[in-house]
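Each chain, letter by letter, is given below.
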Amino acid sequence: DEEGRSRANMASTLARVGHNRPDLVVPALTYLLTNSSRWSKFQAPDALASFGSAAKSAIPELLAVSQTADDQFKANIGITISKIAPERTDMLLPLVANLTSENASLRESALFQIELLGTNGLATLEAMRKMATQEPNPDHRRRILDWLVNNETNKEELVGIAQINLTNENESVMGAAVRCLGAWADGSQTRFGELLTVFNSVRNKQVQGNAETCLYLILRKHPDYLMACLNNPQSEVSYSALRFMHSLSRDSLVIITYSLGTSTNERPFEMKDFDNGDKRLLQDAIPILVEKLRD
């Protein structure tokens with residue numbers, strides 16, 4: 001069944017039932033890769049990748065096939081080799097090329113593959129930084145920003161990217177930018193102040209709500225951040241802190257989100273629902289507020 005799709009299942013099935021016999025299965029998968037005209041050839045690299053270093057004998061054939069492959073298949077083969085031999089980070093270059101391609105479908109596919117790679121895709125970090133400010137598709141850009149939240153180690157780099165995307169016209173992109181700031185504000189007094197000013201200045205209600213939730217979650221761990229911002233000599237920061245405190249008394253804060261099947265349920269908390277421990281977080285603000293009233 002050379003041209004039938006049923007033959008494509010051969011590769012994945014062999015990999016699953018014969019995972020403990022790479023000595024038998026890896027040569028069979030290599031045969032499918034080099035002697036199939038269609039579906040089996042496309043599925044063989046993923047099946048080989050599942051064997052990790054036990055499939056190193058297939059690398060020469062994978063490289064040979066990639067020489068005549070199209071851009072998509074070339075990236076797939078590169079990912080396979082990087083999983084078999086993680087030290088071959090150069091194998092992700094075709095994937096990086098697709099991420100920055102003018103072809104929207106190639107960019108979409110590359111982004112999906114990078115998301116699946118997780119930390120194994122860190123070789124694409126520089127390209128992901130670039131596309132975080134250049135990707136024209138707002139949904140793709142949002143996903144890139146969310147990937148950077150989990151994988152970017154340079155705080156200043158991430159903050160700069162987030163600030164650029166805060167001016168984006170798309171709500172989901174702006175929300176992702178807020179999450180970038182929130183990821184680093186959790187461990188920085190300065191970044192917490194920057195997130196406060198975003199909360200105060202942004203006009204989109206949904207994005208403002210995202211910032212408010214991030215601020216509250218950080219407040220519960222670092223109440224001293226808010227107190228310092230109330231005393232900040234920069235009026236923009238101190239006023240933003242006051243507005244945030246005011247919002248706590250009247251707005252709902254979503255602090256728990258959990259999924260059930262395909263739906264997402266959110267549990268809102270209002271100021272009246274705060275327990276005594278949460279209220280104590282703000283007690284240190286009382287003398288500061290009294291002093292501001294006197295001024």
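Above: the structure in question.
Position numbers for residues start from 1 in each chain and track the written sequence from start to end. The predicted nature of this model means local features are confined to residues of pLDDT at least 70 and side-chain atom pairs, given and counted, to a pLDDT of 80 or more, with totals for whole chains, interfaces and linings taken over all residues. In computing side-chain values, all of the structure's heavy atoms are included and hydrogens and water are not.

Each Phe, Tyr or Trp ring, with Trp reduced to its six-membered ring, pairs with another whose centre is within 6.5 Å; inter-plane angles below 30 degrees give stacked pairs, above 60 give edge-to-face pairs, and intermediate values give tilted ones. Under the defined criterion, the tally for this structure stands at 3 aromatic pairs. Taking 5.2 Å as the distance between ring centres and 80° as the angle between the ring planes, the aromatic pair formed by Phe42 and Phe73 counts as edge-to-face. Of the two residues, Phe42 sits in helix 3 (residues 39-49) while Phe73 sits in helix 5 (residues 71-84), which places them 31 residues apart along the sequence. For each residue, the accessible area found with a 1.4 Å probe, counting protein chains only, is set against the maximum for its type, and the residue is called buried under 20%, exposed over 50%, and partly exposed in between. A residue is classified by how much of its surface remains accessible, and Phe42, at 36% relative accessible area, is partly exposed. For Phe73, a relative accessible area of 6% translates into the label buried. Plain terms: the ring middles of Phe199 and Phe244 are 5.9 Å apart, the flat faces sit at 85° to each other, and that makes the pair edge-to-face. One end of the pair, Phe199, is in helix 12 (residues 189-201); the other, Phe244, is in helix 15 (residues 235-248), and 45 residues separate them in sequence. Accessibility classification places Phe199 together with Phe244 in one group, the buried group. Numbering of helices and strands runs from the N terminus, with a helix taken as a DSSP run of H or I at least four residues long and a strand as a DSSP run of E at least two residues long.

Topologically, Arg141 is positioned in helix 9 (residues 138-151). There is no salt bridge for the buried Arg141, and the closest opposite charge comes from Glu135, which lies 7.0 Å off by N-O distance. With sequence-adjacent residues up to four places away left out, Arg141 is seen in contact with Met131, Ala132, Thr133, Gln134, Glu135, Asn165, Asn168 and Val173. His residues and chain termini do not enter the charge count, which takes Lys and Arg as positive and Asp and Glu as negative. Each reported salt bridge corresponds to a side-chain nitrogen of Lys or Arg within 4 Å of a carboxyl oxygen of Asp or Glu. Contact definition: two residues touch when any of their heavy atoms are within 4.5 Å.

Let us look at the pattern of salt bridges. Inspection of every chain in the model, using the stated rule, returns 14 salt bridges. A salt bridge links Arg143 to Glu108; the nearest nitrogen and oxygen atoms lie 3.2 Å apart. One end of the pair, Arg143, is in helix 9; the other, Glu108, is in helix 7 (residues 104-117), with 35 residues separating them in the sequence. Taking the relative accessible area as the measure of exposure, Arg143 reaches 13% and is therefore buried. A relative accessible area of 31% places Glu108 in the partly exposed class. One connected set of salt bridges, linked through shared partners, spans Glu108, Glu115, Asp139, Arg142, Arg143, Asp146 and Arg179.

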